[in-house]
Amino acid sequence: MRPIRPGQVAARFSALLCLWFALCLSALPALAQDDTDGLLAVTEAYKLSADTSTPGVVKLHWIIAPDYYLYRGRMKFKGGDGVSLGEAQLPDGEKHHDEYLGDVETYHHSIDASIPYTLAAGTTRLKLSVQYQGCHEVDPKICYPPNTEHLDLALPAGPVASSGTGNAFGAALGKLGAGSKTAPAGMDSAALPADQAFQFEALAKDRQHLLLRWTMPKGYYLYRDQTTLHLKDADGLTLAKPEWPAGVMHNDPHFGQTTVYFDQVELPVTIQGDTSGHQTLALEASFQGCQDGGLCYPMMTRALSIDLGSATPTSGMAAEPAPEMPPASVTAPALEVSLLSALLLALGGGLVLNLMPCVLPVLSIKAVGLLESGENPARRRKHALFYTAGVLCSFMLIGIGIVSLRSAGHALGWGAQLQQPLVVGVLACVMLAVGLSMSGVVQFGTSLGNVGNSLATRSGPAGDFFTGVLAVAVASPCTAPLMGTALAYAFAAPMLNALLVFFTLGVGLALPFLLIGFVPALARLLPRPGAWMETLKQVLAFPMYLTAVWLVWVLAHQRGADAVGLVLVAAVLLAMTLWWFERSRSRGGVSRALVALLALATLVPLYYLAHVPAPTAAAVAEDGVVAYTPEKLAELRKAGTPVFVDMTADWCVTCKANEHAVLDTDGFRDLLKRTGAVYMKGDWTDVNPTIAAFLQQYHSPGVPLYVVFPKDGGDGKKLPTVLTSSLVESALTRAAGTPVAASP
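This one's a predicted model, so the numbers in the text were calculated from it and none came from an experiment. (Residues numbered from 1 in each chain as written. Predicted model: local features only at pLDDT ≥ 70, side-chain atom pairs only at ≥ 80, totals over all residues. Heavy atoms only, no water.)

Visitor: Hey, could you run me through the overall build of the chain in this one?
Guide: Tallying secondary structure elements over the chain gives 21 helices and 30 strands in all. Each of the 744 residues in the chain was classed as buried or not, and the buried ones make up 48%. For the chain, the exposed surface amounts to about 34,600 Å²; the carbon and sulfur share of it is 60%. (Helix = DSSP H or I, 4+ residues; strand = E, 2+ residues; numbered from the N terminus. Buried < 20%, exposed > 50% of the residue type's maximum accessible area, 1.4 Å probe, protein only. Areas by Shrake-Rupley, 256 points an atom, 1.4 Å probe, with all protein chains shown as cover.)

Visitor: Would you take a moment to explain unusual backbone geometry for this structure?
Guide: Glycine aside, residues mostly have negative phi angles, and peptide bonds mostly take the trans form. A positive phi is found at His109, a non-glycine position, where the angle reads about 70 degrees. Mapped onto the secondary structure, His109 falls in the loop between strand 7 (102–107) and strand 8 (110–119). Taking the relative accessible area as the measure of exposure, His109 reaches 62% and is therefore exposed. Positive phi values are uncommon outside glycine, yet Asp263 reaches one of about 65 degrees. Tracing the sequence through the fold places Asp263 in the loop between strand 19 (256–262) and strand 20 (264–272).

Visitor: What's the story with helix 8 (residues 421–439) in this structure? I'm lost.
Guide: Residue pairs three or four apart in sequence face the same way in an α-helix, which turns once every 3.6 residues. Here helix 8 contains 19 residues, and its C-alpha end-to-end distance of 27 Å stays within 8% of the 27 Å for a straight helix at 1.5 Å per residue. Just beyond helix 8, the residue with positive phi is Gly440, at close to 95 degrees. (Expected span 1.5 Å × (residues − 1).)

Visitor: What am I meant to see in the nonpolar core here?
Guide: Met647, Phe694 and Val703 are the most contacted members of the largest nonpolar core, which totals 52 residues. By residue number, the principal contributor to this core is helix 8, which donates ten residues. By size, the runner-up hydrophobic cluster in this structure holds 30 residues, among which are Ala197, Tyr220, Leu304 and Ile306. (Core = buried A, V, L, I, M, F, W, Y, C linked by side-chain atoms within 4.5 Å.)

Visitor: How should the pattern of salt bridges be read in this particular structure?
Guide: Two side chains that carry opposite charge are able to pair once their charged atoms sit near each other. Taken as a whole and assessed by the stated rule, the structure comprises 14 salt bridges. Residue Glu284 pairs with Lys232 through a salt bridge whose shortest N-O separation is 3.7 Å. With Glu284 in strand 21 (residues 280–287) and Lys232 in strand 16 (residues 228–232), this pair connects stretches of sequence that are 52 residues apart. Under the relative-accessibility criterion, Glu284 is labelled buried at 19%. Three or more residues are tied together by salt bridges with common partners; here these are Glu201, Arg213, Glu266 and Glu631. (Salt bridge = Lys/Arg side-chain N within 4 Å of Asp/Glu carboxyl O.)

Visitor: Please explain the state of the cysteines as it appears in this structure.
Guide: Working definition: the covalent bond between the sulfur atoms of two cysteines is a disulfide. Summed over all chains, the structure comprises one disulfide. The residue that forms a disulfide with Cys652 is Cys655, at a sulfur-sulfur distance of 2.2 Å. Taking the sign of the torsion about the S-S bond as the criterion, the disulfide between Cys652 and Cys655, at about 85 degrees, is right-handed. (Disulfide = S-S within 2.5 Å.)

Visitor: Whenever I open this one, the sheet that holds strand 26 (residues 626–627) confuses me. Can you help?
Guide: Across a sheet, paired strands are connected by hydrogen bonds in the backbone, their directions being either parallel or antiparallel. One open sheet accounts for five strands, arranged 26-28-27-29-30; its pairing is mixed. Single-partner strands in this sheet number two, and they are strand 26 and strand 30 (717–718). Pairing geometry for strand 26 and strand 28 (residues 678–683), over two bridges, is parallel. What sits directly across from Val626, in strand 28, is Met680. The sheet contacts of helix 18 (residues 653–663) involve strand 27 (643–648), strand 28 and strand 29 (705–709), and relative to strand 27 the element is tilted by about 145 degrees. (Pairing = 2+ DSSP bridges. Contact = heavy atoms within 4.5 Å. Axes fitted to C-alpha atoms, helices over the stretch in contact; angles between N-to-C directions.)

Visitor: It is not clear to me how the pairing of strand 27 should be interpreted in this structure. Could you clarify?
Guide: Most of strand 27 sits out of view: six of its six residues are buried. Because side chains alternate across strand 27, one face comprises the buried residues Val643, Val645 and Met647, and the other comprises Phe644, Asp646 and Thr648, equally buried. Two elements, strand 27 and strand 28, share six bridges in a ladder whose sense is parallel. Note on strand 28: the bridge partner recorded for Met647 is Gly682.

Visitor: Just to check I follow, could you spell out the packing of aromatic side chains for this structure?
Guide: The description of two aromatic rings rests on the distance between their centres and on the angle between their planes. The tally for this structure, following the rule as stated, stands at 24 aromatic pairs. Measuring from centroid to centroid gives 6.1 Å for Tyr46 and Tyr68, while their planes differ by 90 degrees, and the two rings are edge-to-face. Taken as a pair, Tyr46 in strand 1 (residues 46–51) and Tyr68 in strand 3 (residues 68–71) lie far apart in primary sequence, 22 residues in all. When the centroid spacing of 5.5 Å and the interplanar angle of 70 degrees are considered together, the rings of Phe644 and Phe668 count as edge-to-face. With Phe644 in strand 27 and Phe668 in helix 19 (residues 666–675), this residue pair connects regions lying 24 residues apart in the sequence. In this structure Phe644 comes out as buried when scored by relative accessible area, which is 0%. (Phe/Tyr/Trp six-rings, centres within 6.5 Å; stacked < 30°, edge-to-face > 60°.)

Visitor: Mind showing me how you'd approach the environment of Gly517 here?
Guide: Secondary-structure assignment places Gly517 in helix 11 (residues 495–518). Judged by its relative accessible area of 4%, Gly517 falls in the buried class. Among residues more than four places away in sequence, those in contact with Gly517 are Pro377, Arg380, Arg381 and Ala384.

Visitor: Help me understand the sheet that holds strand 16, please; the structure alone is not making it clear to me.
Guide: Here three strands make up an open sheet; going across it, the order is 16-21-24 and the pairing antiparallel. Each having just a single partner strand, strand 16 and strand 24 (300–307) make up the two edges of the open sheet. When strand polarity is set aside, the average angle formed by the axes of neighbouring strands in this sheet is 25 degrees. By the bridge criterion, eight bridges tie strand 21 to strand 24 in an arrangement that is antiparallel. By the bridge assignment, Ala285 is partnered in strand 24 with Arg302.

Visitor: How should the packing of helix 8 against helix 14 (residues 541–559) be read in this particular structure?
Guide: Working note: a packed helix pair is described by the angle between its axes plus the distance between those axes. The contact between helix 8 and helix 14 brings their axes to 8 Å, and the two run at 160 degrees. In terms of axis orientation, helix 8 runs roughly antiparallel to helix 14. In the crossing of helix 8 with helix 14, the sense of the turn from one axis to the other is left-handed. Together, Pro421, Val424, Leu427, Ala428, Met431, Leu432, Val434, Gly435, Leu436, Met438 and Ser439 of helix 8 and Ala541, Met544, Tyr545, Thr547, Ala548, Leu551, Val552, Val554, Leu555, Gln558 and Arg559 of helix 14 make up the contact between the two elements. Of the residues assigned to the contact of helix 8 with helix 14, the class counts are 17 nonpolar, four polar and one charged. (Parallel < 35°, antiparallel > 145°, perpendicular 65-115°, else oblique. Left-handed = near helix turned anticlockwise from the far one by under 90°. Nonpolar A, V, L, I, M, F, W, Y, C, P; charged D, E, K, R; others polar.)

So, in structure tokens, the structure goes:
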């Protein structure tokens, strides 16, 4: 019998151990002992009892046997049919460092927990699942697997309501009341009248666009999917599909997974059809909401008459008029550009896009491919053609998506896909994978071996095509000079003209590599291939890692620390997948199956990342910066104050470059003081329909957008996407009516 080499055994055992930790996160390591005599059954070691005598609260009590303990962090609670659980109230445990779990809290002797709950109408029993896990701390030292007990408890007499111990975060995670299509009997006497609980108003921003607004007091929320809108007696006019902002996901016993809104929600709606024959519109809105704690209102219907000739909001109740929106009389540059001019601008913008910092990391991949081609003209042309195909297909898909959705009333713009945390997380993982490939951790069908003899390396058509797709994906946070006007034209032009603009942008981005591939004189300028290219390839991996870090930073601003933790877990699992993929090339089917399992495990944290709610806490205002709201802008303009409005996003590289070069400098702050202007900033990092409406009003395809409003109340002046200090100084001094300071 041929002996098994120790190295093979160790490698396979370590791989199985890694897979166990990655896929079985709920399993605790236990100290294996042969002698388990004397151990209690899990339900004897941890005796659980429940008390439902307090309406709206279930109290749990564990009696823990001597020499046993429970982990605080391993307790989980889940409501049964018709039961929504709030956040469990647990006492602090004894803190110590666990050999396997790190810093933990444990309970000895006994533990009491209380959990608020709400019930759907018709629920007669309180059903819930309680999971816990603990260990025996003396010989034999062993940990039990997680144990789940299913409780079926009688309800107390009297109405059941929430204990009120939850907060907004707890509500977002399942503490919300169960929705019902009719108000349940015995509604809380403290509940507000429907008109006060759900204030509704509508504003005509212009003759084709409405802005609807619901305002709820603290502790009330509105259902998104129970809302319907339609126009009455409006011949030929319809409403486009509303562009709802991101809300809070809620698992409702009647409606399932649904989206709700707290505090206030603003909804832009586009009117489809010719409104020239209508001075007013009759809007009818039906919607439903609940008081936090499970008490729901019946379906409400409000009928409003909206004056298309003014910006005065109307509502179904007595309310103060909201401040007017920014003036709509803005010159639309998109409408003043011909198709030929837009195509020339798109070609130039695509060329300049090659020099933008967001695209350079991916272009390094293409540069390596061209250098690998050496003096082989056919290979150079193949590289260039497949890369160009990837660029053009990606631009066309983006163009079709954006133009189609915007024509349907959705407020999308260039780079708006990076408002989705899942897209940002996936891109970060892709950048990491590409960097690991360039560092030599994994090779996707490529080899740089024997470079000195014959450079037989090629990434293949699929690799070249993917590089083009990736270049467009990372180019979306950038808006190059000339490109903004072309995109603005595309968003306002007919579908065919718009697609021509996107196609020409792709041609501009791919043109340098097309020229190198098909013009021998340019190809001869490339350095000769050699062994130095392996080092170059590894060095160029570091811009890819930095791009992944930047994307994680963007994600932190969008969804906070939880999202960062999830994407880092996905990155570790991805690195493990690629590492084992490389090691499994010469191994059997079991090793390849482990690669597939690890790849599936990588998707799990990304799935949860897509469901992380947006932070509800207001961002801390920067020193000397006013957060953008239409009301505040109207107030400043009414007071005769010049205003510099900056619409930006954390994922917008052009925005950050302008801030570093101009807007975050002492010179700009001195200019604001000298002109008496206010610096107002709007953050479009996440979905924000109010900012989207402002961008649409000024015909901007996305961010950055800079608008300077003069103190005399005139129309705002839109500035170029790439700023200079002299340009900003000239615009602000004119807006303030002050002379330009002489240069020293």
